[in-house]
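Per-entry structural report
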Amino acid sequence: MAKVPVQFTLNGAEKAEFIDSGTTLLHALRDKIGDTSPKGGCHQGTCGACTVIIDGELRLSCLTLAETCNGAAVTTTSGLSEGGVLHSLQRAFLDAFATQCGFCTPGMIMAAKVLLDHTPNPSREDVVEALSGNICRCTGYEPIIQAVLTAARSNSQNAV
Amino acid sequence: MALALQTFPTVEDAGAALKAAGTRYLGGGTLVVRAANEGDVSISGFIRSTEPALSIIRISGGEVRIGASVTMAAIARHPDLAPLAHAARAVGGPAIRNMATVGGNLFAPTPYGDFTVALLALDATVTTDYGELPIETFLAKRESNHAIVTAVGFTLPKEGGFRFLKQSRVKPKGVAVLSIATVLEQAQDGTVTSARIALGCMADRPIRARAAEKALIGRKLTADGIAPALAVAHDGTSPPTDPIASAWYRNEVLPVHLGRLLLA
Ligand SMILES: Cc1cc2nc3c(=O)[nH]c(=O)nc-3n(C[C@H](O)[C@H](O)[C@H](O)COP(=O)(O)OP(=O)(O)OC[C@H]3O[C@@H](n4cnc5c(N)ncnc54)[C@H](O)[C@@H]3O)c2cc1C
Ligand code: FES
Ligand code: FES
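Residues numbered from 1 in each chain as written. Chains lettered and ligands numbered in written order. Predicted model: local features only at pLDDT ≥ 70, side-chain atom pairs only at ≥ 80, totals over all residues. Heavy atoms only, no water.

Considerations on the overall build of chain B
Summing up its helical and strand segments, chain B has 11 helices and 12 strands in all. The C-alpha extent of chain B, read off along each of the three principal axes, is 60 × 45 × 30 Å. Of all intrachain contacts in chain B linking residues separated by at least 6 positions in sequence, the fraction that spans at least 24 positions is 57%. Summed over all atoms, the accessible surface of chain B reaches about 11,600 Å², with 54% contributed by carbon and sulfur. Positive and negative side-chain charges of chain B, numbering 26 and 22 respectively, have mean locations separated by a distance of 5 Å. (Helix = DSSP H or I, 4+ residues; strand = E, 2+ residues; numbered from the N terminus. Contact = heavy atoms within 4.5 Å. Areas by Shrake-Rupley, 256 points an atom, 1.4 Å probe, with all protein chains shown as cover. Lys, Arg positive; Asp, Glu negative; His and termini not counted. Charge placed at Lys NZ, Arg CZ, Asp CG, Glu CD.)

Listed below in structure tokens is the structure:
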């Protein structure tokens, strides 16, 4: 089958690849481009491990065809740290033991990032709703919720 | 194996391409890409159209037209569609809502199709590349209809006239045990003058509760007033038994939830 071109920015850097038409974004990111931060859990839209941000919106990369992202800005968890310094959400997840096996973590952090981008001071209910498409089999969720609330607080303290 | 995607600038060209065997229209992909990922060999390719009209919400004089590619998230945040926001937010989690389209929801099999339940109660019309159909007619033959849905249209209900409820086991997001939408009109004294009740998960696709609708006319929304409607709420239902609930359970709880919605 003839390959088709895809071109988008990934964490701010231009990416261009030839892929099989119909390839999912998850497959293109992990196996073509080499960004393994989005995880393939269920490939059914159920677990949220593959969650990425496309043009500022949360999406499931396992159900998104890569060709539909031409010209888009794709953000993954691997693009969050700057100069070796962890993003406030990554730091809060580590400090709050919100990551155990870590499989759900990149998706959780993407969902939390979109929440904090729009709602810098979320309530607990806002956090629960924002993470409602992401499954964690290890932590029991509470440390994750606390980590997101902590990151929000530390962001607003740093902003003062 | 990857399945080729063909993108067309017009619905007309996409419609012609969709005649090829094994092709499926691609909305947000939350069901059809999932099916492909699960190995559904009946799908050999995806077709989509990027015609701008498909992504537009138009509201004028109380008449609403929502393009088929409009997502649940776009409906939920539209200020003039506030009465429907609750129904749009009932679909999946945040990422699913950014992808799930109105067009795709019309084809979603039970236990999905929550927004379609709302559209059925609103007595929407469904526009396809072959013309316009009442939603009930459309739903009855949606599998055999190979048309592309381009938009849905309905009249915005009067303030407080539209009610929606989705009951699920997993909170805040979960697949429906059942969902119910109602559009009621009442006289000054509270007597119901017209009623449309739509049910989700009470058959293989959303259905109207005709007997309950009839039993509500001329009644008031009190416990006594709605009792005859609740007594016939499961007339004509054939709910599935699935991992969420048994058919028996769905029929048992339907009058309870319908009662709560009517008395809310
Ligand atoms: C984890 C998860 C949770 C979900 N939760 C819910 C829920 O709570 N409630 C709910 O209602 N649904 C739910 N769904 C199902 C689904 O996301 C929604 O029903 C959604 O609206 C389907 O729309 P789509 O655009 O993604 O459809 P697609 O997957 O793109 O398409 C679905 C079907 O419709 C056809 N189609 C799509 N658009 C058109 C069109 N314009 N013209 C003709 N045919 C078309 C496709 O060919 C395909 O057969 C869930 C799905 C997942 C994966
Ligand atoms: S891998 Fe995409 S939701 Fe599970
Ligand atoms: S940390 Fe293991 S699934 Fe969440």
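Next comes the rest of the write-up.
Considering the domain arrangement of chain B
All names here are of chain B. In terms of domain boundaries, chain B breaks down into domain 1 (4–49), domain 2 (53–155) and domain 3 (162–263). Relative to domain 3, the C-alpha centre of domain 2 lies at a distance of 20 Å. In this assembly, 25 residues from domain 2 lie in contact with 26 residues from domain 3. Each partner contributes to the roughly 2,000 Å² buried at the junction of domain 2 and domain 3, and carbon and sulfur atoms together form 62% of this total. (Domains from an automatic or database assignment. Buried area = accessible area lost by both parts, 1.4 Å probe.)

Things to note about the nonpolar core
Phe93 and Val148 of chain A together with Phe46, Ile66, Phe115 and Leu119 of chain B are the most contacted members of the largest nonpolar core, which totals 91 residues. Ranked by the residues each element gives to this core, the list is headed by helix H3 (residues 105–118) of chain A, at eight residues. (Core = buried A, V, L, I, M, F, W, Y, C linked by side-chain atoms within 4.5 Å. Buried < 20%, exposed > 50% of the residue type's maximum accessible area, 1.4 Å probe, protein only.)

As for the packing of aromatic side chains
As enumerated under the stated definition, the model contains one aromatic pair over all chains in all. A cation sits over an aromatic face here: Arg169 of chain B above Tyr249 of chain B, 5.2 Å from the ring centre. (Phe/Tyr/Trp six-rings, centres within 6.5 Å; stacked < 30°, edge-to-face > 60°. Lys NZ or Arg CZ within 6 Å of the ring centre and 35° of its normal.)

Digging into the confidence of the model for chain B
Parts of the model with low pLDDT should not have their predicted coordinates read in detail. Confidence in the prediction of chain B, expressed as mean pLDDT, is 96, and 99% of residues score 70 or more. The ipTM, which scores confidence in the relative placement of chains, is 0.96 for this predicted complex, and the corresponding pTM is 0.96. (pLDDT = per-residue confidence, 0-100.)

Considering the site of ligand 1
All names here are of chain B. With respect to spatial proximity, 32 residues lie near ligand 1, and among them Tyr25, Gly28, Thr30, Thr101 and Asp114 are the closest. Taking Gly28, its main chain carries an N or O atom lying 2.6 Å from an oxygen atom of ligand 1. In this structure, Leu31 approaches ligand 1 through a main-chain N or O atom, which is 2.7 Å from an oxygen atom. A total of 980 Å² of accessible area belongs to ligand 1 in isolation, and the protein chains cover 95% of it. Secondary structure elements with two or more residues in the shell around ligand 1: strand S2 (23–25), helix H2 (32–37) and helix H6 (102–105). Among the elements that take part in the shell around ligand 1, H6 stands out by supplying three residues, more than any other. Classifying every residue of the shell around ligand 1 by side-chain character gives 15 nonpolar, 13 polar and four charged. (Near = heavy atom within 4 Å. Polar contact = N/O pair within 3.5 Å; in protein donor to acceptor, adjacent residues only side chain to side chain. Nonpolar A, V, L, I, M, F, W, Y, C, P; charged D, E, K, R; others polar.)

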